[in-house]
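Overview (structure and organization)
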Amino acid sequence: DTAVSQTPKYLVTQMGNDKSIKCEQNLGHDTMYWYKQDSKKFLKIMFSYNNKELIINETVPNRFSPKSPDKAHLNLHINSLELGDSAVYFCASSQGQRPQPQHFGDGTRLSIL
Amino acid sequence: QKEVEQNSGPLSVPEGAIASLNCTYSDRGSQSFFWYRQYSGKSPELIMSIYSNGDKEDGRFTAQLNKASQYVSLLIRDSQPSDSATYLCAVGWGGANNLFFGTGTRLTVIP
């Protein structure tokens, strides 16, 4: 199936740990994103990559580091996890540089104990 | 600071009625406008996109855009209980493919 897929779906871990979330899209899109959705359901852009190049880097702690090995993959590594990092993280993709519809993965629910 | 505002609701309508969802945005340079539907515990799903002033219809959904008033709306005709979800308005600016989302309106369709 054509889709945006991210793993894992759930991530429960202790404060201070380091974790990674992976995302892959087979829609042939050239732009990928990471969003954070907090408990109030507000969806906020974190990063955007176009053809493996970082183009959007919103105000996000340095503990968050994206990496795009190719245009079909965008991973998110988080160091020294904090309680406030608990949220749902969505990966999305779209085609082109102008604002285009974005297609979302199913999300990774991160819970910090 | 670019802002997208929606009434958080909840908005309740009886089955078969028209649901009207509204969104305003702050930047006159906005070019692209999208409505997403998000069921509880699920990911946002694109239901409508609109780029020019006027109405755009797709099945039971109609998006309306008024750039002069910086206003975009979504009408859902013949509302069904399966339409119960949170509806997110998203606005795109300029050359960067960056969307700003509103906080969403929670819609409940009562059978």
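Look a little higher up for the structure.
Conventions and cut-offs
Residues numbered from 1 in each chain as written. Chains lettered and ligands numbered in written order. Predicted model: local features only at pLDDT ≥ 70, side-chain atom pairs only at ≥ 80, totals over all residues. Heavy atoms only, no water. Salt bridge = Lys/Arg side-chain N within 4 Å of Asp/Glu carboxyl O. Helix = DSSP H or I, 4+ residues; strand = E, 2+ residues; numbered from the N terminus. Buried < 20%, exposed > 50% of the residue type's maximum accessible area, 1.4 Å probe, protein only. Contact = heavy atoms within 4.5 Å. Buried area = accessible area lost by both parts, 1.4 Å probe. Polar contact = N/O pair within 3.5 Å; in protein donor to acceptor, adjacent residues only side chain to side chain. Phe/Tyr/Trp six-rings, centres within 6.5 Å; stacked < 30°, edge-to-face > 60°. Lys NZ or Arg CZ within 6 Å of the ring centre and 35° of its normal. Core = buried A, V, L, I, M, F, W, Y, C linked by side-chain atoms within 4.5 Å.

The next subject is the pattern of salt bridges. Residues and elements named next belong to chain A. The full count for this structure, using the stated rule, is five salt bridges over all chains. Its salt-bridge partner being D85, residue R63 comes within 2.8 Å of it at the nearest N-O pair. Of this pair, R63 sits in the loop between β6 (53-57) and β7 (64-70) while D85 is found in the loop between β8 (73-78) and β9 (87-94), placing the two residues 22 residues apart along the sequence. As far as burial versus exposure is concerned, R63 and D85 are alike and both buried. Residues participating in the shared-partner salt-bridge network are R63, E82 and D85.

Across residues other than glycine, the phi torsion is negative in most instances, and most of the peptide bonds are trans. Of the consecutive residues T7 of chain A and P8 of chain A, the connecting peptide bond is found in the cis state with omega at 0 degrees. Of note, the bond from G9 of chain B into P10 of chain B is cis; its omega dihedral lies within 30 degrees of zero at 10 degrees. Here P10 of chain B is to be found in the loop between β1 (4-6) and β2 (11-14). Of note in the backbone geometry, S80 of chain A takes a positive phi value of approximately 45 degrees without being a glycine. In this structure S80 of chain A comes out as partly exposed when scored by relative accessible area, which is 39%. Within the chain, D78 of chain B stands out as a residue other than glycine whose phi angle is a positive 45 degrees. Here D78 of chain B shows up in the loop between β8 (71-76) and β9 (85-93). The exposure class assigned to D78 of chain B is partly exposed, which follows from its relative accessible area of 41%.

A few words now on the interface of chain A and chain B. The interface of chain A with chain B comprises 23 residues on the first partner and 23 residues on the second. In total, chain A and chain B occlude about 1,800 Å² of area from one another, counting both sides; carbon and sulfur atoms represent 53% of this. Where chain A meets chain B, there are zero salt bridges. Where chain A meets chain B, there are three residue pairs in polar contact (both at pLDDT 80 or more). Elements that contribute at least two residues to the side of chain A that touches chain B include exactly β4 (31-37), β5 (43-50) and β9 of chain A. Counting residues per element, the side of chain A that touches chain B draws most heavily on β4 of chain A, at three residues.

Moving on to the packing of aromatic side chains. Tallied over the full model, the rule gives ten aromatic pairs over all chains. The interplanar angle of 85 degrees and the centroid separation of 6.2 Å between the aromatic rings of F90 of chain A and F104 of chain A together place this pair among those described as edge-to-face. Here F90 of chain A is found in strand β9, whereas its partner F104 of chain A is found in strand β10 (residues 103-104), with 14 residues between them in sequence. Classification of F90 of chain A as buried rests on a relative accessible area of 2%. According to the relative accessible area criterion, F104 of chain A is buried, its value standing at 10%. With centroids separated by 4.9 Å and ring planes inclined at 50 degrees, the aromatic side chains of Y25 of chain B and F33 of chain B adopt a geometry described as tilted. One exposure class covers both Y25 of chain B and F33 of chain B, and it is buried. Taken together, the aromatic side chains of Y33, Y35, F90 and F104 of chain A together with Y36 and F101 of chain B make up a single cluster linked through ring pairs. The ring of F61 of chain B has R60 of chain B sitting right over it, with the charged end atom 5.6 Å from the ring centre.

Residue and element names in this part refer to chain B. Counting residues in each nonpolar core, the largest one holds 24 residues, and the members touching the most others are W35, V72, L74, I76 and Y87. Broken down by secondary-structure element, the contributors of at least two residues to this core are β3 (19-25), β4 (30-38), β5 (45-50), β7 (61-66), β8, β9 and β11 (105-110). Of all the elements, β9 adds the most residues to this core, at five residues.

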